[in-house]
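Here are the chains, one letter per residue:
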Amino acid sequence: MPTIIDGKLVAEEIKNELAQKVEILKNEGKKVPGLVTILVGDNPASQVYIKMKNKACGKIGFLSKVELMPENTEEKDLLDLIEKYNNDSNYHGILVQLPLPKQINEDKVIASISPAKDVDGFHPVSVGNLVIGNDTFFPCTPFGIMKLLEKYKIDPKGKHVVVVGRSNIVGKPIANMMLQKQKGANAVVTICHSAADDLSYFTKQADILIAAIGRANFITADMVKDDCVVIDVGINRVDDSSTEKGYKIVGDVDFENVKTKAAFITPVPGGVGVMTIAMLLYNTYKAYAKFEKINN
Ligand code: NAP
């Protein structure tokens, strides 16, 4: 029987630790960590994410603000708003919800966030530091994966980690994090993508397989080796008339069949996904602690 990695449990632990720290700060009459989230437009998925992030902040006692801007916002107005928060010492983290409307250049917007407040870890300075192996803000989803492995005492050192997907938000950063010659990493890493002729040639070699593809149930049992660790990042909607909403969320891994071979596996939902917000809060606290010169 595989161990089902419980992301909810680990995320709760991280959030509880942060809530306790905030409690102490409040008792000492100190400023608390602050996060501003900026949403441009009315993308329904983005609205849900922003709401969840704001709620999570409130629950652990962070200062939290949501800035809503209309779909037709001009790039300059967004850049001006970011600059305002770059200079606001009450907000230690700035998150601009992606994707942005097409008239706005995403790269320019990400680069305009102060690296000291880049709690999403997407700024080129953060990315560069990650690759070099310097301390930085790690992007929240890959960071969540590293935390899950740590909590379940799965040491990637010397293991063959195969990452399927090379996006800037998941595939590339997790591959780079796994590669670092550091405790909790130090893996041998292969990155796969859609140009791979025979994907299963690679996935079958994985001691730790990370699927960040965006295709429902794509990784099947015949694509993995016995006793591997399977980390499923995918969030895919599939029709399901038996549910009230008419759909359900599944991962990139055919969970029911792959779990018969795996030693450890993350479920969807309840695996990697729930870790993302916990790590955003973690990064916000980190930004706060650095800015306010707090050691803990
Ligand atoms: P993405 O930007 O669309 O990247 C998908 C990657 O998968 C690309 O590198 C693509 O290759 C590769 N790919 C697609 N089809 C393939 C195939 N047949 N064989 C091999 N590789 C293939 O997606 P993403 O943003 O990384 O997200 C991936 C999944 O994770 C999505 O389901 C997303 O919803 C989910 N996600 C979850 C969280 C969370 O848990 N909080 C956060 C982010 C993303 P090419 O580069 O060649 O196109």
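Because the structure is predicted, anything quoted here is derived from the model rather than measured. (Residues numbered from 1 in each chain as written. Predicted model: local features only at pLDDT ≥ 70, side-chain atom pairs only at ≥ 80, totals over all residues. Heavy atoms only, no water.)

Asks: Got a minute to help me understand the overall build of the protein chain in this structure?
Replies: The helix and strand inventory of the protein chain stands at 10 helices and 11 strands. Radius of gyration (C-alpha) of the protein chain: 19 Å, near the 19 Å computed for a compact globule of 296 residues. Seen through its C-alpha atoms, the protein chain measures out along the principal axes to roughly 55 × 40 × 40 Å. Carbon and sulfur atoms make up 52% of the accessible area of the protein chain, which amounts to about 14900 Å² in all. (Helix = DSSP H or I, 4+ residues; strand = E, 2+ residues; numbered from the N terminus. Rg over C-alpha atoms; globule rule 2.2 N^0.38 Å. Areas by Shrake-Rupley, 256 points an atom, 1.4 Å probe, with all protein chains shown as cover.)

Asks: What is the right way to look at the sheet that holds strand β2 (residues 34-40) in this model?
Replies: Adjacent strands of a sheet pair through backbone hydrogen bonds, lying either parallel or antiparallel. Read from one edge to the other, the open sheet built from 3 strands follows the order β3-β2-β4, with strand pairing classed as parallel. The sheet terminates laterally at β3 (63-69) and β4 (93-96), the two strands that pair on one side only. Looking at each pair of strands side by side, their axes are set apart by 15° on average, direction ignored. Pairing between β2 and β3: 7 bridges, direction parallel. Of the residues in β3, the one forming a bridge with L39 is L68. Sheet strands in contact with helix α2 (residues 44-60) are β2, β3 and β4, and its direction is about 170° off that of β2. The sheet contacts of helix α3 (residues 75-86) involve β2, β3 and β4, and relative to β3 the element is tilted by about 165°. (Pairing = 2+ DSSP bridges. Axes fitted to C-alpha atoms, helices over the stretch in contact; angles between N-to-C directions. Contact = heavy atoms within 4.5 Å.)

Asks: Looking at this model, I keep getting lost on unusual backbone geometry. Mind explaining?
Replies: The general pattern is negative phi for most residues beyond glycine and trans for most peptide bonds. Cis peptide bonds are those with omega within 30 degrees of zero, and the linkage from L98 to P99 qualifies with 5°. As for its placement among the helices and strands, P99 is situated in the loop between β4 and α4 (106-112). A cis amide bond links V268 to the next residue, P269, at an omega of -5°. Checked against the element boundaries, P269 lands in the loop between β11 (264-265) and α10 (273-291). Despite not being glycine, N186 has its phi angle at roughly 65°, a positive value. Structurally, N186 can be placed in the loop between α7 (171-179) and β6 (188-192).

Asks: Would you take a moment to explain the sheet that holds β6 for this structure?
Replies: The strand order β1-β11-β8-β7-β5-β6 describes an open sheet built from 6 strands, whose pairing is parallel. Single-partner strands in this sheet number two, and they are β1 (3-4) and β6. Both strand β7 (residues 208-211) and strand β8 (residues 229-232) contribute to a ladder of 4 bridges, which runs parallel. Opposite A211, over in β8, you have D232 as the bridge partner.

Asks: Please explain the pairing of β6 as it appears in this structure.
Replies: Moving residue by residue along a regular strand, the side chains alternate between the two faces of the sheet. By the bridge criterion, 5 bridges tie strand β5 (residues 160-164) to β6 in an arrangement that is parallel. Opposite V161, over in β6, you have V189 as the bridge partner.

Asks: When you look at the side chain of K53 in this model, what are you seeing that I'm missing?
Replies: Mapped onto the secondary structure, K53 falls in helix α2. Those residues in contact with K53 that lie beyond four places of it in its chain are L95, Q97, I277 and L280.

Asks: For this particular structure, what's the right way to read the pairing of β8?
Replies: By the alternation rule, side chains of β8 split into V229 and I231 and V230 and D232, which are all buried. With 2 bridges connecting them, β8 and β11 associate as parallel partners. Following the sheet pairing, V229 is matched in β11 by F264. (Buried < 20%, exposed > 50% of the residue type's maximum accessible area, 1.4 Å probe, protein only.)

Asks: What is the right way to look at empty space enclosed by the protein in this model?
Replies: If a probe as big as a water molecule is rolled over the atoms, it shows which places are left empty. Per the stated rule, a full pass over the model turns up 1 cavity of 30 Å³ or more. Lining the largest cavity, in full, are L95, V96, L98, V109, I110, I113, D118, D120 and F122. At the level of elements, β4 and α4 are the ones that each hand at least two residues to the lining of the largest cavity. (1 Å grid on protein atoms, 1.4 Å probe; cavity = no way out; pocket = protein on both sides within 12 Å on 5 of 7 lines; lining within 4 Å. Points joined across faces, edges and corners; volume = space filled by probe spheres on them.)

Asks: Is there a simple way to think about the domain arrangement of the protein chain in this case?
Replies: When the parts come together, some accessible area is lost, and that loss is often what is quoted as the size of the interface. Assigned domains within the protein chain: domain 1 (25-114) and domain 2 (140-274). Spacing between the C-alpha centres of domain 1 and domain 2 amounts to 29 Å. (Domains from an automatic or database assignment.)

Asks: Sorry, what's going on with the environment of K153 here?
Replies: With respect to the secondary-structure elements, K153 resides in the loop between α6 (140-151) and β5. Looking at K153, the relative accessible area reads 75%, which means it is exposed. Taking the C-alpha atoms as reference points, K153 and K245, separated by 92 residues in sequence, lie 37 Å from one another.

Asks: How do you make sense of the site of the ligand when you look at a structure like this?
Replies: If you check the shell around the ligand, you find 21 residues, and the closest are R166, S167, S194, I235 and T276. One nitrogen or oxygen atom from the side chain of S194 is found 2.5 Å from an oxygen atom belonging to the ligand. I235 places a main-chain nitrogen or oxygen 3.0 Å from an oxygen atom of the ligand. Across the complex, the protein chains shield 71% of the 930 Å² of accessible surface that the ligand would expose by itself. Along the lines of polarity and charge, the residues of the shell around the ligand split into 9 nonpolar, 10 polar and 2 charged. (Near = heavy atom within 4 Å. Polar contact = N/O pair within 3.5 Å; in protein donor to acceptor, adjacent residues only side chain to side chain. Nonpolar A, V, L, I, M, F, W, Y, C, P; charged D, E, K, R; others polar.)

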